[in-house]
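Here is how the chains run, residue by residue.
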Amino acid sequence: MRGRGDACSSRALPVSWRPATWHPRLDMGRLSRSRSSTSHRNLPHLLLFFLFVGPFNCLASYSRATELLYSLNEGLPAGVLIGSLAEDLRLVPGAGRQDTQSQPPEHSGAERNPPLSFSLASQGLSGQYVTLDNRSGELHTSAQEIDREALCLEGGGGAAWGGSISISSSPSADSCLLLLDVLVLPQEYFRFVKVKIAIRDINDNAPQFPVSEISVWVPENAPVNTRLAIEHPAMDRDIGTNGVQTYRLLDYHRMFTLDVEENENGERTPYLIVMGLLDRETQDQYVSIIIAEDGGSPPLLGSATLTIGISDINDNCPLFTDSQINVTMYGNATVGTPIVAVQAVDRDLGNNAQITYSYSQKVPQASKDLFHLDENTGVIKLFSKIGGSVLQTHKLTILANGPGCIPAVITALVTIIKVIFRPPEIVPRYIVNEIDGIVYLKELEPVNTPIAFFTIRDPEGKYKVNCYLDGEGPFRLSPYKPYSNEYLLETTKPMDYELQQFYEIAVVAWNSEGFHVKKMIKVQLLDDNDNAPIFLQPLVELTIEENNSPNAFLTKLDATDADSGERGQVSYFLGPDAPSYFSLDSVTGVLTVSTQLDREEKEKYKYTVRAVDSGKPPKESVATVAITVLDKNDNSPRFINKDFSFFVPENFPGYGEIGVISVTDADAGQNGWVALSVVNQSDIFVIDTGKGMLRAKVSLDREQQSSYTLWVEAVDGGEPPLSSTTKITILLLDINDNPPLVLFPQSNMSYLLVLPSTLPGSPVTEVYAVDKDTGMNAVIVYSIIGRRGPRPESFRIDPKTGNITLEEALLQTDYGLHRLLVKVSDHGYPEPLHSTVMVNLFVNDTVSNESYIESLLRKEPEINIEEKEPQISIEPTHRKVEPVSCMPTLVALSVISLGSITLITGMGIYICLRGKRHHREDENLEVQIPLKGKIDLHMRERKPMDISNI
């Protein structure tokens, strides 16, 4: 592989460069050169060539493309160093010879500023197997283990750059390369590096046969050294010497050996070689284990069962075990009576063992006419009635003929004995169905069912004949009157096919001369559909976890039927009460459920199943299936409300019950057990897990915080646990626990200068107070409850605003200190609270002696407390508001100055409008307090509270 860089200056640039040293930190990762020693010997010639063509090459654009080739074993763990790009590209000091054309000397090594940066040009599949350090340029293996067989044998393809994986044809056909494109930055040190990582194979795969059993057929006449290819050789995903190298047999049976042949592609095929003479009739099969072994260290093995079958050839002919058999028969034998059966044996198989029988040409035609030979079975039967002129001895020569064989010969000597006294005769006449001497009787036939009539007689008519029934079974043979020689065969009790299917009895007749005749009767019972299927379990109890997979197996129902044939074939069906999503295979009895079951929707299922046989009419039985769906933790706790709101009066006692947080969990048992906890504000609030009761640990003050927002978490007891949260809003209701706070005047010792020229109706000062409560508890009313001075009644206070105005014109006698005790009261419930403040008004033209005034203020005033409450009312909205009269103010203003009529009139109008506005506000002072109990809003007895602002 050649480098892609061209020189564009007078300095020499190598054609290509690749590091070829083993990395000292990892013996498994190897960095190899792509150039041989021959190229180094030709280096002077190349330098001369570049000196000659250098001026022409300067016309081309300068490129810094470089190729690096690394190699490492597959299967390495994460973090193994593959190589350092910075060192191998000579980008750091002390990394071997300097590439003077690719690295300016003034920017080499650690003095580079800005520092070097290494990055992959694209993130393909190769990027999954290596990690690149952006600063040092070191390549390491990643956590994704490299499997050479998975990459190159299964994911092969044409080689491609940019992070692809390929199987390259160079440097060898077995190469497996990871291809990476690496960019070296910044721009002044830019390199485009193509990195090839060759993955070396290790022996991590054992040989494997494609089938577990291999069959090879060898003809039994195969000569020694016959070679037969084993068509299923072992495969090994490894390559080279790690692939399959040899085969052997575990047992050669002294008849076989193995040889291995390698073709031009390097594939090895095992051959079975015959080493001895085979005889199928001696042993028709040999079984051994074939073992494939690779060349790894240590070697890995794979095995399969090798069955060597010996195929038959026609190497055997029919043989008789005897050369002659002697047979004796009575001359009164009936036509069709079997005389003898000859049988030859051929040890071959199939068509090679077919035998036909025939008479030899030496057998007289009279004998052939008297005795019939079945050419397939070898049975000889009496073909015609024996006459008086028939020979007493017959020599029958019989040939056994096989394909391609000389016939085998046997001789049957048949001697006919002349009968002087003829034995009794038994003549049956069957009532039930009879075929070839077998009587067929249904199992459900009633008792005394007639089977056959038998006529017993003496052919000579000279002897008395008796008979009886021989054999066991529910049968009876009795004389059938009024006939003397007729007998009836009948049943004596019901018969059951399931207990016994076949009976063999005989009717025996004998005469006084001792001749016995036996007539065999075979009774075959015919099965009837008299048994219904029987379930092994009439109640099938099953359990299954909910959220099962579709078509989940439940059980296999099993029912048996004692009947035979179709009558005993059982089919399974669901009962009419079974849900549609249950399925029952009619043949196998496998019960499945086609859908997911949800315990919360339905926990128990109970329905019937039927087992039906194939009789006519069919019989059936019923079983009950009871299924219990087991719970899984698939439901999170669920609050009954999306969120909860509680209204609590302030100063609520600690650990008092605020409200109940109701939560449910549809699961059962431990999965449905729910624990509640406060997520936030847990330092203030606590919740009872069992009852869900929310409590406050401390008393709550609305003036400090009017509402609280909590999050309560419900966690069930499942594994893993499921949870849910809900929002809790707690609103504190105000209680009248704060008296009005007077902000002005700031002290009982403060005073205000009032000029004697102050006009009546003029505002002098005001009392300003606030109440931290809300609603009615914060509605403040002002009143003067005590006065002291020359004429303190000259001043009045507005009960709503607290403004103090001059009522009458001041006279010469009114000079001096006027002291007004002002009560500031709220409209709270259950009782109003109030504060008092002393308003000091000094009527004079000037303040000439402050110490004198202060001495007066320090004296304790003797003030009579007026019990009269301020006249202020908060009317409901449906009452008519009384307008405030402005006439006195207008008259006073008109008397003082005609010149200021316009100004005074405007002030009066302003005061009127202001008074009306306050009355309208009073109309809307209706507060709805959502408490649990009914609150008595009637004003109780008021108790004065003296609070002086000092």
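Residues numbered from 1 in each chain as written. Predicted model: local features only at pLDDT ≥ 70, side-chain atom pairs only at ≥ 80, totals over all residues. Heavy atoms only, no water.

(A) Fine view of the overall build of the protein. Along its length, the protein carries 8 helices and 61 strands. With 950 residues in all, the protein has 40% of them scored as buried. For the protein, the proportion of contacts with a sequence separation of at least 24, taken over those separated by at least 6, is 67%. Accessible area of the protein: about 52400 Å², with a carbon and sulfur share of 52%. (Helix = DSSP H or I, 4+ residues; strand = E, 2+ residues; numbered from the N terminus. Buried < 20%, exposed > 50% of the residue type's maximum accessible area, 1.4 Å probe, protein only. Contact = heavy atoms within 4.5 Å. Areas by Shrake-Rupley, 256 points an atom, 1.4 Å probe, with all protein chains shown as cover.)

(B) Structural context of the pattern of salt bridges. Applying the stated criterion to the full structure yields 21 salt bridges. Between K194 and D181 there is a salt bridge whose closest N-O contact spans 3.6 Å. A residue pair is termed long-range when its members are at least 10 positions apart, and K194 in strand 9 (residues 191-200) and D181 in strand 8 (residues 177-185) qualify at 13 residues. Like K194, the residue D181 is buried in the burial classification. The shortest N-O distance in the salt bridge between E261 and R227 comes to 2.6 Å. In this pair, E261 sits in strand 13 (residues 256-262) while R227 sits in strand 11 (residues 227-229), placing the two residues 34 residues apart along the sequence. The network of salt bridges with shared partners includes R599, E600, E603 and D631. (Salt bridge = Lys/Arg side-chain N within 4 Å of Asp/Glu carboxyl O.)

(C) The state of the cysteines, seen in detail. Within this structure, the stated rule accounts for 2 disulfides. Each disulfide pairs two cysteine sulfurs, and for C152 the partner residue is C176, the sulfurs being separated by 1.5 Å. Handedness here is read from the sign of the S-S torsion; for C152 and C176, about 60 degrees, the answer is right-handed. Remark: C176 occurs in the loop between strand 7 (165-166) and strand 8 and C152 occurs in helix 4 (residues 148-154); sequence separation between them is 24 residues. Here C317 engages in a disulfide with C405; their sulfurs sit 2.2 Å apart. Taking the sign of the S-S torsion, about -85 degrees here, the bridge from C317 to C405 comes out left-handed. Taken as a pair, C317 in the loop between strand 16 (301-311) and strand 17 (319-320) and C405 in the loop between strand 24 (393-401) and strand 25 (408-417) lie far apart in primary sequence, 88 residues in all. (Disulfide = S-S within 2.5 Å.)

(D) View of the pairing of strand 36 (residues 539-545). Of the two faces of strand 36, the one lined by V540, L542 and I544 is fully buried and the one lined by L539, E541, T543 and E545 carries no buried residue. With 7 bridges connecting them, strand 36 and strand 43 (residues 620-630) associate as parallel partners. Within the sheet, the bridge partner assigned to E545 lies in strand 43 and is L630. (Pairing = 2+ DSSP bridges.)

(E) Main features of the sheet that holds strand 16. Taken in spatial order, the 4 strands line up as 10-16-15-12 in an open sheet, and their pairing is mixed. Looking along the sheet, the strands with just one partner apiece sit at the ends: strand 10 (213-219) and strand 12 (244-249). Between one strand and the next, the sheet's axes are offset by a mean angle of 30 degrees, whatever the strand orientation. Judged from the 9 bridges that link them, strand 15 (residues 285-294) and strand 16 form a sheet pairing that is antiparallel. For Y286, the partnering residue across the bridge sits in strand 16 and is I308. (Axes fitted to C-alpha atoms, helices over the stretch in contact; angles between N-to-C directions.)

(F) Examining unusual backbone geometry more closely. Cis geometry is adopted by the peptide bond preceding P482, which originates at K481 and carries an omega value of 10 degrees. The omega torsion across K616 and P617 is -5 degrees, close enough to zero to call that bond cis. Within the secondary structure, P617 is located in the loop between strand 42 (604-613) and strand 43. Even without being a glycine, N225 presents a positive backbone phi close to 75 degrees. Note that N225 resides in the loop between strand 10 and strand 11. A relative accessible area of 53% means that N225 is categorised as exposed.

(G) Spotlight on the sheet that holds strand 31 (residues 475-479). Strand order in this open sheet of 4 strands is 26-29-32-31, and the pairing throughout is antiparallel. Of all the strands in the sheet, just strand 26 (425-430) and strand 31 have a single pairing partner and so form its edges. Adjacent strand axes in the sheet meet at a mean angle of 25 degrees when their direction is disregarded. In this sheet, strand 32 (residues 486-491) lies alongside strand 31 in antiparallel orientation, the contact comprising 5 bridges. Counted as the bridge partner of S478 is L488 from strand 32.

(H) The arrangement of the pairing of strand 34 (residues 516-526) in detail. Of the pairings in the sheet, the one linking strand 28 (residues 438-442) to strand 34 comprises 5 bridges and is parallel in character. Across the sheet, the residue bridging to L441 is L525, located in strand 34. Here strand 33 (residues 502-511) pairs with strand 34 via 9 bridges, running antiparallel. Following the sheet pairing, A509 is matched in strand 34 by V517. Between the end of strand 33 and the start of strand 34, which pair antiparallel, lie 4 residues, with G514 showing a positive phi angle near 90 degrees.

(I) Expanded view of the side chain of S835. Secondary-structure assignment places S835 in strand 61 (residues 834-843). With relative accessibility at 1%, the residue S835 sits in the buried group. Here P740 takes part through its backbone oxygen, which lies 2.6 Å from a polar atom of the side chain of S835. (Polar contact = N/O pair within 3.5 Å; in protein donor to acceptor, adjacent residues only side chain to side chain.)

(J) Inspection of the confidence of the model for the protein at higher detail. The share of residues in the protein with pLDDT of 70 or more is 78%, and the mean pLDDT across the chain is 79. Overall, residues 871-893 carries pLDDT values under 50, and its contacts beyond four positions in sequence, including any with other chains, amount to 27 contacts. (pLDDT = per-residue confidence, 0-100.)

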